[in-house]
Amino acid sequence: MKQILVTGGLGFIGSHTVVALQEKGYDVVIIDNLSNSSVDVLDGIANITGVRPAFEELDLRNKAQVQEFFKKYTDIIGVIHFAASKAVGESVEKPLLYYENNLGSLVYILQELSNKEEANFIFSSSCTVYGEPDSLPITEKAPVKKAESPYGNTKQVGEEIIKDTCKVVDGLKAIALRYFNPIGAHESAEIGELPLGVPQNLVPFLTQTAAGLRKELAVFGDDYPTEDGTCVRDYIHVFDLAKAHVVALERLLNDKNEKNYEIFNLGTGKGSSVLEVIQSFERVSGQKLNYRIAPRREGDVIAVYADTTRANEVLGWKSELSLDDAMASAWKWEQKVRGLS
Ligand code: WQD
């Protein structure tokens, strides 16, 4: 049976995408090296869909292991590639780890796909490639700016590697999906975000504060030129994002793509400030959040949110869940993980 490989499939967005794929009847195999995930996520996926995906623990930086995998799984018709290191700050301190992991893995997978008659490849990219945008909302035509971190650079270079490869490998078609800010968890609370150590991102730090794990949330600056002075982002529910991956894959499987390499922004098209996220949490949880205004964080852009016209009209996908839906699901997940529910 034709199989879909999901690399990083035990991670935050990967696991939600595996659920969305299985719910559409796809046979999924996961590769994960468990460096930023847990094998228990397989149980969460199986509890939701009733199907436990095949799982191979391997490190995609090991070319021989990648080759062995494709010798064993000969019916892979599509790959959704999430596996990558993704901490912006860490990438500044450890650039070679990021270039080796994020780009080495990508090259080895594309080399294997280049040997196949047909291959359909979905790449996990990021709005970080736009840097500080010149205008809002951001369309796919917005200029890709000099990356502010090695992590962001691996997304930019990754897209170029895929684009160049699709030009010369006849059977290969690809779509890069540029995510804005994924948040929330599956409504069942069987899977969700599992950040290791102190969360860098807003929502997991916020819910851990509400759960009593963190003393208070530091809001990084309220003196930005925005409505309430705090930064604005396009927060998209992770399950809306997961479903977009299935739509993008089917675009390729059904040969609906216009060119062999396409790019889509995945967001809600709406910007929300940090304080609005806090207000959303307080609304859906019924509890006050302990936070303070702190100095700005180095490298933060003022405001970023997507123009979703191409995703809506060309890809045929639109986000459906609201910020409150996402914050309610994030809080339900946090309470479950901490044994509070
Ligand atoms: C959001 C807002 C912070 C934490 C990052 C990556 C990006 C992508 C998504 C992978 C900002 C503020 C945060 C906190 C705060 N990841 N904040 N207190 O920086 O928009 O994007 O994640 O692709 O590449 O850069 O997300 O959640 O870190 O921050 O006030 O404790 O929340 O200043 O305004 P960001 P974030």
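One can find the structure itself at the top, above this paragraph.
Residues numbered from 1 in each chain as written. Predicted model: local features only at pLDDT ≥ 70, side-chain atom pairs only at ≥ 80, totals over all residues. Heavy atoms only, no water.

### As for the packing of helix α7 (residues 202-210) against helix α11 (residues 323-337)
Phase 1 of the analysis: One way to put it is that α7 packs onto α11 with a least axis distance of 10 Å and a crossing angle of 55 degrees. The orientation of α7 relative to α11 falls into the category oblique. Here α7 and α11 pass one another in a crossing that is right-handed. Residues V203, P204, L206, T207, Q208 and A210 of α7 touch α11, and the partners they reach there are M327, A330, W331 and E334. (Axes fitted to C-alpha atoms, helices over the stretch in contact; angles between N-to-C directions. Helix = DSSP H or I, 4+ residues; strand = E, 2+ residues; numbered from the N terminus. Parallel < 35°, antiparallel > 145°, perpendicular 65-115°, else oblique. Left-handed = near helix turned anticlockwise from the far one by under 90°. Contact = heavy atoms within 4.5 Å.)

### Some details on the side chain of D307
Phase 1 of the analysis: Note that D307 resides in the loop between β13 (291-294) and α10 (309-315).
Phase 2 of the analysis: R310 provides the closest opposite charge to the buried, salt-bridge-free D307, at an N-O distance of 8.8 Å.
Phase 3 of the analysis: Polar side-chain contacts of D307 include one of 2.5 Å to the side chain of T309.
Phase 4 of the analysis: In contact with D307, not counting residues within four places along its chain, are P137, I138, T139, E140 and N265. (Buried < 20%, exposed > 50% of the residue type's maximum accessible area, 1.4 Å probe, protein only. Lys, Arg positive; Asp, Glu negative; His and termini not counted. Salt bridge = Lys/Arg side-chain N within 4 Å of Asp/Glu carboxyl O. Polar contact = N/O pair within 3.5 Å; in protein donor to acceptor, adjacent residues only side chain to side chain.)

### Some details on the nonpolar core
Phase 1 of the analysis: Of all hydrophobic cores here, the largest spans 37 residues; its most connected members are L21, I45, I122, L177 and L266.
Phase 2 of the analysis: Looking at which element gives the most residues to this core, the answer is helix α8 (residues 238-253), with nine residues.
Phase 3 of the analysis: Residues from two domains meet in this core; each of domain 1 (3-182 + 236-266) and domain 2 (202-233 + 269-337) gives at least three.
Phase 4 of the analysis: Not counting residues up to four positions away in its chain, the partners in contact with I45 are G9, L10, S15, V18, V19, Q22, I30, G50, V51, P53 and I191.
Phase 5 of the analysis: Among the nonpolar cores identified, the runner-up in size contains 26 residues, and I31, I76, L106 and V169 belong to it. (Core = buried A, V, L, I, M, F, W, Y, C linked by side-chain atoms within 4.5 Å. Domains from an automatic or database assignment.)

### Digging into the pattern of salt bridges
Phase 1 of the analysis: In total, this model carries 23 salt bridges according to the counting rule given.
Phase 2 of the analysis: Measuring nitrogen to oxygen at the nearest pair gives 3.1 Å for the salt bridge that ties K24 to E250. A residue pair is termed long-range when its members are at least 10 positions apart, and K24 in the loop between α1 (12-23) and β2 (27-32) and E250 in helix α8 qualify at 226 residues.
Phase 3 of the analysis: Using a relative accessible area of 17% as the deciding quantity, one classes E250 as buried.
Phase 4 of the analysis: With a closest N to O distance of 3.3 Å, E282 and K288 form a salt bridge.
Phase 5 of the analysis: Here E282 falls in the buried class, since its relative accessible area comes to 16%.
Phase 6 of the analysis: Judged by its relative accessible area of 69%, K288 falls in the exposed class.

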